[in-house]
Each structure stands twice: as C-alpha cells, then as structure tokens.
Amino acid sequence: MCIHIVEADNLPAIAVWDPDEVSILVSRGTHPHDLIRELHAILVVDLGASDLPGAGLHCFCGEPVELPTALTRDLAGARSL
C-alpha cells in the first residue's frame, strides 16, 4: 500500500507519520524546502524507503510518493525564486 501525503492544520511538527491511515500529515504553509527534507527523513530513515539520489520521494514499496496539488504549486514557486 502506498503512502499518501495529506495537508493538515495545527500539527506538532512539519510532518507526522500516521500509520493507521498510511499517510504522512504535513503542516499547511510549511516552506517547501523544509517540507521535502522532513518527508525524505520520514520515508528513508523512519520507514526504510529506498534513497535513490535525484529520483524524488518514494514509498517503502518503491512507488513514487505523490504530493497534493497545492504542495506542488508551492514547490514550483520555490524553484523560481
């Protein structure tokens, strides 16, 4: 089962693993660079996903992790800065 990324308000951290929902909750409004760093840490360090250089974020099953549309817009804006 692949991990889902879900935006949420009022989280205690930038990103929080929710094993019951097989999802990572991410704090709405987090700077995209900080968010990617936190997602990578959860996926690779905590969940044992493969760390493929330059290949983006991957689930522990090997499939790419898809970010919500709002987050991809934020990342595109951060790249253009």
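Placed above this text is the structure.
Note that the coordinates shown come from a computational prediction; the quantities given were computed from them, not determined experimentally.

The rules behind the values
Residues numbered from 1 in each chain as written. Predicted model: local features only at pLDDT ≥ 70, side-chain atom pairs only at ≥ 80, totals over all residues. Heavy atoms only, no water. Helix = DSSP H or I, 4+ residues; strand = E, 2+ residues; numbered from the N terminus. Buried < 20%, exposed > 50% of the residue type's maximum accessible area, 1.4 Å probe, protein only. Contact = heavy atoms within 4.5 Å. Areas by Shrake-Rupley, 256 points an atom, 1.4 Å probe, with all protein chains shown as cover. Polar contact = N/O pair within 3.5 Å; in protein donor to acceptor, adjacent residues only side chain to side chain. Core = buried A, V, L, I, M, F, W, Y, C linked by side-chain atoms within 4.5 Å. Salt bridge = Lys/Arg side-chain N within 4 Å of Asp/Glu carboxyl O.

Peer 1: What should I look at first to understand the overall build of the protein chain in this one?
Peer 2: Counting secondary structure elements, the protein chain contains two helices and three strands. Scored against the burial criterion, the 81 residues of the protein chain give a buried share of 32%. Long-range contacts, defined here as pairs at least 24 residues apart, represent 33% of the contacts in the protein chain between residues at least 6 apart. For the protein chain, the computed accessible surface area is about 5,100 Å², with 53% contributed by carbon and sulfur atoms.

Peer 1: For this particular structure, what's the right way to read the side chain of T30?
Peer 2: With respect to the helices and strands, T30 occurs in the loop between strand 3 (23–27) and helix 1 (32–46). Take T30: its relative accessible area is 15%, and that puts it in the buried class. A polar atom in the side chain of T30 sits 2.8 Å from the backbone oxygen of S27. Apart from residues no more than four positions distant in its own chain, T30 is found in contact with I14 and L35.

Peer 1: Could you clarify how one ought to interpret the nonpolar core in this entry?
Peer 2: Buried together is how nonpolar side chains tend to be arranged in soluble globular proteins. By size, the foremost hydrophobic cluster in this structure holds 15 residues, and its most contacted members are I5, I24, V26, L39 and L43. Counting only elements with at least two residues in this core, the list comes to strand 3 and helix 1. Counting residues per element, this core draws most heavily on helix 1, at four residues.

Peer 1: For this particular structure, what's the right way to read the side chain of S23?
Peer 2: By the secondary structure assignment, S23 is in strand 3. In contact with S23, not counting residues within four places along its chain, are I3, H4, V6, V16, W17 and D18.

Peer 1: In this structure, what is going on with the pattern of salt bridges? I would like to understand it.
Peer 2: If charged atoms from side chains of opposite charge come close, those side chains can pair. Scanning all chains against the criterion turns up four salt bridges. As a salt-bridge pair, E38 and R37 come within 3.9 Å of each other at their nearest N and O atoms. Three or more residues are tied together by salt bridges with common partners; here these are E7, D9 and R28.

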